[in-house]
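# Coordinates in review
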Amino acid sequence: SDLSEHRFGCGKNQIDELGVILFGSRESAIKFILTDPTMFEPATLLSVGLLFFPLMTLTFGVNIPSGIFMPTMLVGASLGGVACIALNSALDLGLNSSTYALLGAAALLSGIQRSTVSLCVILLEGTG
């Protein structure tokens, strides 16, 4: 599936990037970002990262059952992708933004959830 399936009321050949992430499933949003973060505008990825990070930390600290894995993956992939896009535009390094999105997700997982290094290695190996 591609982003054109998620128009959310936009005209033909237009998409709502924030709608894809905010109103679509988290799994498909993470998959889109990890596949190619350059499909999204850098402002969209930065907005998602800055919006979800405080919400994620709030739900992590309250005493209600809530997921932490998927939001951590979403925030890490968004911020890793936007970091690579910014580096590529500023320094023209030719870096792979998908790799940086994956590394951002793995880094945030290891930092927030105190995941072991082996879990992060499995994550990196599992995605090819």
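A short tour of the structure in this document, coming up. (Residues numbered from 1 in each chain as written. Predicted model: local features only at pLDDT ≥ 70, side-chain atom pairs only at ≥ 80, totals over all residues. Heavy atoms only, no water.)

## A closer look at unusual backbone geometry
Even without glycine at this site, D92 takes up a positive phi of about 50°. With respect to the helices, strands and loops of the structure, D92 is situated in the loop between α4 (69-91) and α5 (97-112). Relative accessible area serves as the criterion here: at 67%, D92 is assigned to the exposed category. (Helix = DSSP H or I, 4+ residues; strand = E, 2+ residues; numbered from the N terminus. Buried < 20%, exposed > 50% of the residue type's maximum accessible area, 1.4 Å probe, protein only.)

## Let's talk about helix α2 (residues 26-35)
Residues that lie three or four places apart on an α-helix share one face, since the helix turns once every 3.6 residues. Residues of α2 that are buried: S28, A29, I30, F32 and I33. Elements that come into contact with the buried residues of α2 comprise α1 (17-23), α3 (42-61), α4 and α5. (Contact = heavy atoms within 4.5 Å.)

## Some details on a nonpolar patch on the surface
On the surface, L87, L91, L93 and Y100 cluster together into a nonpolar patch covering about 350 Å² of accessible area. Take L91: it is sitting in helix α4. The exposure class assigned to L91 is exposed, which follows from its relative accessible area of 53%. (Patch = residues over 30% accessible without salt bridge, like charges linked within 9 Å, V, L, I, M, F, W, Y side chains within 5 Å. Areas by Shrake-Rupley, 256 points an atom, 1.4 Å probe, with all protein chains shown as cover. Salt bridge = Lys/Arg side-chain N within 4 Å of Asp/Glu carboxyl O.)

## Regarding the nonpolar core
Judged by nonpolar contacts, the single largest core of 22 residues is most densely connected at I21, I33, F40, L45 and L74. Of all elements in the fold, only α1, α2, α3, α4 and α5 reach the threshold of two or more residues within this core. Counting residues per element, this core draws most heavily on α4, which supplies six residues. Setting aside residues up to four positions removed in sequence, I33 forms contacts with I21, F40, L45, L74, A77, S78 and A101. (Core = buried A, V, L, I, M, F, W, Y, C linked by side-chain atoms within 4.5 Å.)

## Description of α3
Given a rise of 1.5 Å per residue, 20 residues ought to cover 28 Å, and the 29 Å separating the end C-alpha atoms of α3 matches this to within 8%. Buried within α3 we find T44, L45, V48, G49, F52 and M56. Against the buried residues of α3 lie α1, α2, α4 and α5. (Expected span 1.5 Å × (residues − 1).)

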